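Residue-level structure breakdown
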Amino acid sequence: MNPLKELRGKTIAIVYIFEKEDADGFGHFLIWKDKILTGWLSAVYELECLPYIIDVRTFMQKASNYSLPHIDYVVNLNSGCSELSTMGLIPSVCSFLGIPCIPCDATAILTTENKKISNYVAIGNALQTPKALDAENDYGIFRPINLGNSIGIEKKRFTDFHADGLYQEFIPGYDVTIPVAYNFLSLELDVLPPTLYYPHTQDPDWIFDEETKVEDKGLTRLQFTDIQDETKQAILRFFRVFGIKTYGRIDARLKETRLLTGDAVKKPFSLNDCYFLEINSMPTIEPDDGFDLAFKAVQSNKTHSFYKCASEYVLNIKNPTINGFLLACSMMALSTSRC
């Protein structure tokens with residue numbers, strides 16, 4: 001039996017921030033249009049489902065006066081706000097209405113997106129984290145608590161910042177992202193191949209900051225082919241602490257001491273080489289990002305635990321995309337968790 005057939009005909013609401021929304025707490029780092037918003041719209045059609053596109057304010061108004069149409073799942077694109085508490089708005093309402101929210105609930109958002117909490121949990125789960133610094137330390141890296149998309153991340157002196165955030169030791173090296181998603185064949189979370197962001201300058205003082213993400217220049221994405229089993233299990237345990245059921249990712253810093261050549265990513269990825277930076281329960285999904293590259297990589301790797309799941313999707317779906325794959329995995333994950 002093809003489990004993907006069971007998803008057909010469902011109504012999927014895509015809830016996004018309207019470009020001219022000016023309510024407090026809705027300062028958005030990215031307007032959901034072009035390839036991001038259309039990527040999710042295409043994913044709904046890809047699964048032969050019905051889309052219902054609606055902005056956050058209208059969704060809230062219709063939810064409050066019970067005028068929403070029947071909705072089977074919500075894709076929540078209300079992320080990146082400067083006020084962290086507002087990021088739990090849509091999943092909280094979904095919980096009240098009994099509608100599964102993708103990718104996660106309010107608890108997962110508020111605990112993962114708060115970088116202090118996620119770092120404390122990482123330490124409690126024996127993951128390496130950069131050393132916390134204070135006024136006695138001259139130089140480190142600052143990460144704001146409530147902002148996504150690398151906004152506000154910079155290397156600076158402790159005395160030069162005043163916002164709420166993390167001030168940590170700077171780790172010379174390179175950024176790596178580790179995607180995790182629900183495997184609808186094994187019925188549990190699984191780890192996809194990590195992606196290394198490697199600057200053309202080969203400078204270990206380089207950081208994957210906001211400007212680099214926007215311009216998307218000066219770097220190469222290298223795909224790891226395998227991951228140590230011990231590392232995989234540690235990542236999955238960490239995700240389960242936050243109750244994430246669908247997909248998410250960990251961002252880490254790969255130490256400079258590791259030999260970084262084209263052959264480096266052919267070795268099994270290990271957390272022993274990394275420092276945890278943050279866990280993202282609401283990652284942006286778009287072409288050629290870590291999820292997309294990992295999805296493509298497992299399709300040609302028969303030894304990877306995600307191979308059969310990805311192959312099943314590609315075999316049964318016309319013009320498969322990473323958004324469609326994650327939407328299908330999420331719908332099945334949330335359907336299973338409600339049984």
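Residues numbered from 1 in each chain as written. Predicted model: local features only at pLDDT ≥ 70, side-chain atom pairs only at ≥ 80, totals over all residues. Heavy atoms only, no water.

Helix and strand counts for the protein come out as 10 helices and 13 strands. A burial count over the protein gives 55% of its 339 residues as buried. Nonlocal contacts in the protein, meaning residues at least 24 apart in sequence, comprise 73% of its contacts between residues at least 6 apart. Put simply, the protein shows about 15,400 Å² of open surface, and 50% of that area lies on carbon and sulfur atoms. (Helix = DSSP H or I, 4+ residues; strand = E, 2+ residues; numbered from the N terminus. Buried < 20%, exposed > 50% of the residue type's maximum accessible area, 1.4 Å probe, protein only. Contact = heavy atoms within 4.5 Å. Areas by Shrake-Rupley, 256 points an atom, 1.4 Å probe, with all protein chains shown as cover.)

In this fold, N76 is placed in strand β3 (residues 73-76). Judged by relative accessible area, which is 3%, N76 ranks as buried. Engagement of the side chain of N76 in a polar contact is seen with the backbone nitrogen of N78, the distance being 2.9 Å. Aside from chain neighbours lying at most four places away, what touches N76 is V15, M87, I90, P91, C101, I102, P103, I109 and M282. (Polar contact = N/O pair within 3.5 Å; in protein donor to acceptor, adjacent residues only side chain to side chain.)

Another point: the pattern of salt bridges. Evaluated as defined, the whole model comprises seven salt bridges. The closest approach of N and O atoms between R253 and D175, which form a salt bridge, is 2.4 Å. Pair noted here: R253 is in strand β12 (residues 247-255) and D175 is in strand β8 (residues 173-183), with a separation of 78 residues, a long-range link. The exposure classification of R253 matches that of D175, with both residues buried. Between D292 and K296 there is a salt bridge; the shortest N-O distance is 3.2 Å. Here D292 pairs with K296, and both are found in helix α8 (residues 290-298), just four residues apart, close to one helical turn. (Salt bridge = Lys/Arg side-chain N within 4 Å of Asp/Glu carboxyl O.)

With that out of the way, let us pick up the state of the cysteines. Using the criterion set out here, one finds zero disulfides in the structure. Of the cysteine sulfurs around C101, a residue in no disulfide, the closest is that of C94, at 4.1 Å. Exposure remark for C101: the relative accessible area of 9% places this residue in the buried category. (Disulfide = S-S within 2.5 Å.)

Glancing now at the sheet that holds strand β1 (residues 11-16). With respect to topology, four strands assemble into an open sheet ordered β2-β1-β3-β4, the strand pairing being parallel. Bordering the open sheet on either side are β2 (50-55) and β4 (101-102), each of which pairs with just one other strand. The pairing of β3 with β4 spans two bridges and is classified as parallel. Bridge pairing links V74 to C101 in β4. Across the face of the sheet, helix α2 (residues 56-64) comes into contact with β1, β2 and β3 while running at roughly 100 degrees to β2. (Pairing = 2+ DSSP bridges. Axes fitted to C-alpha atoms, helices over the stretch in contact; angles between N-to-C directions.)

Let us now look at α8. Taken as a whole, α8 has its buried residues at G290, F291, D292, A294, F295 and V298. At the N-terminal end of α8, a side-chain oxygen is found 3.2 Å from the backbone nitrogen of F291, two or three residues along, and the residue is D289.

This brings us to the packing of aromatic side chains. According to the stated counting rule, one finds 10 aromatic pairs in the structure shown. Their ring planes at 65 degrees and their centres at 5.9 Å tell us that F306 and F325 sit as a pair that is edge-to-face. With a gap of 19 residues between them, F306 in the loop between α8 and α9 (307-316) and F325 in helix α10 (residues 322-337) connect regions that are remote in the sequence. This pair shows no difference in class: F306 is buried, exactly as F325 is. (Phe/Tyr/Trp six-rings, centres within 6.5 Å; stacked < 30°, edge-to-face > 60°.)

In this section: the packing of α2 against helix α3 (residues 89-97). α3 packs onto α2 with a crossing angle of 25 degrees between their chain directions and a minimal axis gap of 11 Å. Comparing their axes, α3 and α2 come out roughly parallel. In this structure, the crossing between α2 and α3 has a hand that is left-handed. In contact with V56, F59, M60 and A63 of α2, α3 contributes L89, I90, V93, C94 and L97. Residues that form the contact of α2 with α3 fall into these classes: nine nonpolar, no polar and no charged. (Parallel < 35°, antiparallel > 145°, perpendicular 65-115°, else oblique. Left-handed = near helix turned anticlockwise from the far one by under 90°. Nonpolar A, V, L, I, M, F, W, Y, C, P; charged D, E, K, R; others polar.)

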